[in-house]
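This is what each chain is made of:
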Amino acid sequence: MERRSFLKKATVGAAAVGAVSAPAFVQAQAQVRWRLASSFPKALDTIFGTAEIFSKSVNAMSGGKFTISVHAGGELMPPFGVVDAVQGGTVECAHTAPYYFFGKDDTFAIGSAIPFGLNSRQMTAWMYEGNGLKLMREFYKNYNIINFPMGNTGAQMGGWYRKEMKTLADMKGLKFRVGGFAGKVIERLGGVPQNIPGGELYQALEKGTIDAVEWTVPYDDLKLGFHKVAPHYYYPGWWEGGAQLDLFINQKAFDALSAENKAIVEAAAAQAHVTMQAMYDARNPAALKTLVSQGAKLHRFPKEIMEAAFKESMALYSDLSAKNPNWKKVYEDYAKFRADQNLWFRFTESGFDDFMQAQKL
């Protein structure tokens, strides 16, 4: 009898402890709901879709306790208004290309792509194993933002032109839509850079508001239909050897997350980062074949244009280092990393690729 009485009391006691503990457990697992503002239209399933991949992963890993709704460019705010929105806490996070915001500080561009910069693998290496993530996060603190790499297009094409670009003189007066920071170099070459959101590009090219446009790679370019009004397709996109996209998160919102949810964000962003370039690499070959079959004319940029662009890019970086301490601090590390990577890739990736691309497969 005493044993049964003891067990009964112990069971009641355990239930009471459980009843007291339950609210704390529920509070720890409270539902988290965020909004993500993208800078891209829904039609671009690779770039916009990367944010959706991230959102679905967060939802799955949290068992539905952490949900993030994804909103296309222009839905909550203009595509180029996402940094202000994250900084001010209007939304918790955004998915964008950092170089769009070089007007705030040129240093933003280094977090995405600069002319004759790192390729995609080198950029990921600098971010995760070099000082890239550390340095960019120190910079983004000025905007109440913490960043996570979340996608890369790989090396891009050089855009669509109404006429052939045979010499450097053809750049003079060219009204060229080019992504963000690269416009500084185009301007030095005599062009007239235009910064227009992706959803407005076709209309601008069709109406003659611009003479040429670059977006990303064949898969996206085919969707946007540029070849119908500007058939000359140039390569390579020397201003985007490996354009990284970022997940920008309001620092206070991130700090408020549990350790578990912070780890989920980091893991989901990393998954999306890898998946985005995999999608592009898998889909670009067929898209390029389709573009050529529909009249696109492929051209490699003349050596004269490439060399002039390289020279002006290096001069620009020297100028910025002399007057912008933020740029100088980040670029010096970036440039050293780039030099070492180019030396290494010369003997491995480039040697292998040169041979393979000369074979009949």
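Refer to the structure printed above.
Residues numbered from 1 in each chain as written. Predicted model: local features only at pLDDT ≥ 70, side-chain atom pairs only at ≥ 80, totals over all residues. Heavy atoms only, no water.

Concerning unusual backbone geometry
The peptide bond linking Tyr235 to Pro236 adopts the cis configuration, its omega dihedral lying at -5°. Looking at where Pro236 falls in the secondary structure, it is placed in the loop between strand 9 (232-235) and strand 10 (244-250). (Helix = DSSP H or I, 4+ residues; strand = E, 2+ residues; numbered from the N terminus.)

Remarks on the pairing of strand 3 (residues 93-96)
Going residue by residue along strand 3, you find Cys93 and His95 tucked away on one face and Ala94 and Thr96 tucked away on the opposite face as well. Of the pairings in the sheet, the one linking strand 1 (residues 32-38) to strand 3 comprises three bridges and is parallel in character. Bridge assignment links Ala37 to a residue of strand 3, and that residue is Ala94. Of the strand pairs in this sheet, strand 3 and strand 10 are connected by four bridges, and their pairing is antiparallel. By the bridge assignment, Cys93 is partnered in strand 10 with Ile249. (Buried < 20%, exposed > 50% of the residue type's maximum accessible area, 1.4 Å probe, protein only. Pairing = 2+ DSSP bridges.)

Re the pattern of salt bridges
With the rule as written, the count across this model stands at 13 salt bridges. One salt bridge connects Asp106 with Lys184, and the closest N-O pair in it is separated by 3.5 Å. Residue Asp106 is located in the loop between strand 3 and helix 4 (107-110), and its partner Lys184 is located in helix 7 (residues 183-188); the two are separated by 78 residues in the primary sequence. On the basis of relative accessible area, Lys184 is assigned to the partly exposed category, the value being 24%. (Salt bridge = Lys/Arg side-chain N within 4 Å of Asp/Glu carboxyl O.)

Some remarks on the side chain of Asn152
Assignment of secondary structure puts Asn152 in strand 4 (residues 145-152). Assessed through its relative accessible area of 1%, Asn152 is described here as buried. Of the polar contacts made by the side chain of Asn152, one reaches the backbone oxygen of Gly242; its length is 3.3 Å. Among the polar contacts made by the side chain of Asn152, one reaches the main-chain amide nitrogen of Ala243 at a distance of 3.3 Å. In this view, Asn152 contacts Ser120, Met123, Gly242, Ala243, Gln244, His273, Met276, Gln277 and Tyr280; residues no more than four positions away in its chain are not counted. (Polar contact = N/O pair within 3.5 Å; in protein donor to acceptor, adjacent residues only side chain to side chain. Contact = heavy atoms within 4.5 Å.)

Topic: the nonpolar core
With 109 residues, the main nonpolar core has Phe54, Trp126 and Leu247 as its most contacted residues. For this core, the element with the highest residue contribution is helix 11 (residues 259-293), accounting for nine residues. With near-sequence residues (within four places) excluded, Leu247 lies in contact with Leu36, Phe54, Cys93, Ala94, Ile146, Asn147, Phe148, Met150, Val265 and Ala269. (Core = buried A, V, L, I, M, F, W, Y, C linked by side-chain atoms within 4.5 Å.)

A look at the sheet that holds strand 7 (residues 192-194)
One open sheet holds the six strands; their spatial order is 7-6-8-5-9-11, and the pairing between them is mixed. Here the strands that pair on one side only, and so sit at the sheet edges, are strand 7 and strand 11 (297-300). Relative to strand 7, strand 6 (residues 175-177) is paired through three bridges, and the arrangement is parallel. The partner of Arg177 across the bridge, within strand 7, is Gln194.

Quick word on the sheet that holds strand 3
A sheet is described by the order of its strands in space; here five strands give the open sequence 2-1-3-10-4, paired in mixed fashion. Both edges of this open sheet fall to strand 2 (66-71) and strand 4, since each of them pairs with a single strand only. On average, adjacent strands in this sheet sit at an angle of 25° to one another, irrespective of strand direction. Pairing of strand 4 with strand 10, which is carried by six bridges, proceeds in the antiparallel orientation. By the bridge assignment, Pro149 is partnered in strand 10 with Asp246. (Axes fitted to C-alpha atoms, helices over the stretch in contact; angles between N-to-C directions.)

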